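Notes for the structure review
Residue-level listing of the chains:
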Amino acid sequence: MRFLSCQSWPKRYPCTYEAWTYSQRPLNNPHKQDFFEFFWIESGEGIHLYKGHERRMETGYFALIRDDDWHDFSAADADGKLSLINFAFRPDIWHRVRDNFWPGKPRFFDRERIEDREFQIGPEDRERVRQMGLDLAAGRWSETNATAFLMGVLAVLANQLSHRKQRSPAPEWLIRAERGIQSWPRFAGGVPELVRLAGRSHEHVCRDCRRYLGTTPSQLVNRARLKWASMQLETTAQQIVDIAAECGFDNLGHFYKLFRETYGTTPRQYRLRAGIPHHTRD
């Protein structure tokens with residue numbers, strides 16, 4: 001078993017913020033660590049080997065990992081890819097945050113069971129988290145920025161926990177369809193693919209998307225497409241026209257229009273300002 005240590009980071013770095021792409025690989029070499037981290041799945045389906053137990057991951061899966069955990073990752077399918085973003089940080093950062101805001105009360109990373117440290121975050125929350133990470137992505141990995149990013153992400157998770165208690169849960173078929181459409185190439189199939197995943201009529205899907213998710217099927221699909229496109233812009237050198245086509249956009253102008261409405265900039269400008277270090281594991 002490998003051992004990863006924050007002692008190997010440059011002394012001025014209290015954290016790391018990186019994108020990883022995994023192919024399907026044997027889960028026979030997990031790692032232990034002496035730092036805290038969290039990660040979320042940007043695209044694809046995979047397996048999270050956590051302390052010897054395999055846990056299925058889909059787009060939006062989010063997990064808090066402690067310094068006494070050991071784990072590994074793999075794409076779920078032989079021809080699939082799993083893309084995730086990871087934020088790792090020194091234990092003392094979490095200890096100060098916890099002691100300042102929740103003294104004597106177990107919160108977030110303190111939960112023993114991994115089930116209590118797993119979340120499913122939707123496109124809006126993933127975008128919110130990634131926007132908060134821009135300073136880290138730009139290389140300003142200071143302790144102040146690391147703490148601010150951690151607090152912002154915990155606020156997103158706390159809001160999600162609060163919403164779970166306040167609103168009626170969406171039906172399971174809709175949750176499965178929403179999760180399923182987040183992955184490439186499913187979202188390239190558009191609303192018809194969402195309806196197929198749901199196993200309900202188009203009208204039924206439209207009605208319950210608005211009722212439980214506050215959006216339309218078309219908006220849900222386009223958010224997934226644009227999220228994947230933004231990840232490709234950040235982590236690959238693929239041509240923009242090819243990214244748009246792989247997302248399912250037949251009209252390049254429509255892709256540019258939606259991208260600007262969502263991110264406030266063009267795909268090219270977005271690519272130029274991105275700077276998350278990217279790694280691939282086969």
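Scroll up a little and you will see the structure.
Being a predicted model, the structure only gives us computed values, none of them experimental.

1. Some remarks on the pairing of strand β9 (residues 82–89)
Among the eight residues of β9, eight are classified as buried, and the element is accordingly described as predominantly covered. Sheet topology places strand β2 (residues 15–22) next to β9; eight bridges connect them, and they run antiparallel. Paired with Thr21 across the strands is Ser83, a residue of β9. Direction of pairing for strand β4 (residues 36–43) relative to β9: antiparallel, over a ladder of seven bridges. Bridged to Phe38 within β9 is Phe87.

2. A word on the packing of aromatic side chains
Inspection of every chain in the model, using the stated rule, returns 30 aromatic pairs. A ring pair is formed by Phe255 and Phe259, whose centres lie 5.8 Å apart and whose planes are at 55°; its orientation type is tilted. Pair noted here: Phe255 and Phe259 are both in helix α10 (residues 252–263), with a separation of four residues, about one helical turn. Note on accessibility: Phe255 and Phe259 belong to one class, buried. Its end group placed over the ring of Phe249, Arg225 keeps NZ or CZ at 5.1 Å from the ring centre.

3. Re the sheet that holds β9
Pairing within the open sheet is mixed, and its six strands lie in the order β10-β7-β4-β9-β2-β11. Since the sheet does not close on itself, it has two edges, and those belong to β10 (118–120) and β11 (278–281), each with one partner. Strand-to-strand twist across the sheet, computed as the mean angle between neighbouring axes with direction ignored, equals 25°.

4. A look at the sheet that holds strand β5 (residues 46–50)
Ordered in space as β1-β3-β8-β5-β6, the five strands form an open sheet in which the pairing is mixed. Bordering the open sheet on either side are β1 (2–4) and β6 (53–57), each of which pairs with just one other strand. Between one strand axis and the next, the sheet turns by 30° as a mean value, whatever way the strands run. The pairing of strand β3 (residues 31–33) with strand β8 (residues 70–75) spans two bridges and is antiparallel. Pairing of His31 across the sheet is with His71, part of β8.

5. Here's the deal with the pairing of β2
With eight of eight residues buried, β2 is to be regarded as a mostly interior element. Residues of β2 alternate between two faces, with Cys15, Tyr17, Ala19 and Thr21 on one and Thr16, Glu18, Trp20 and Tyr22 on the opposite face, all of them buried. Looking at chain direction, β2 and β11 are connected through four bridges and run parallel. Bridged to Tyr22 within β11 is Arg281.

Rules of the game
- Residues numbered from 1 in each chain as written.
- Predicted model: local features only at pLDDT ≥ 70, side-chain atom pairs only at ≥ 80, totals over all residues.
- Heavy atoms only, no water.
- Buried < 20%, exposed > 50% of the residue type's maximum accessible area, 1.4 Å probe, protein only.
- Helix = DSSP H or I, 4+ residues; strand = E, 2+ residues; numbered from the N terminus.
- Pairing = 2+ DSSP bridges.
- Phe/Tyr/Trp six-rings, centres within 6.5 Å; stacked < 30°, edge-to-face > 60°.
- Lys NZ or Arg CZ within 6 Å of the ring centre and 35° of its normal.
- Axes fitted to C-alpha atoms, helices over the stretch in contact; angles between N-to-C directions.

Everything listed here is a matter of geometry and, on its own, says nothing about what the molecule does.
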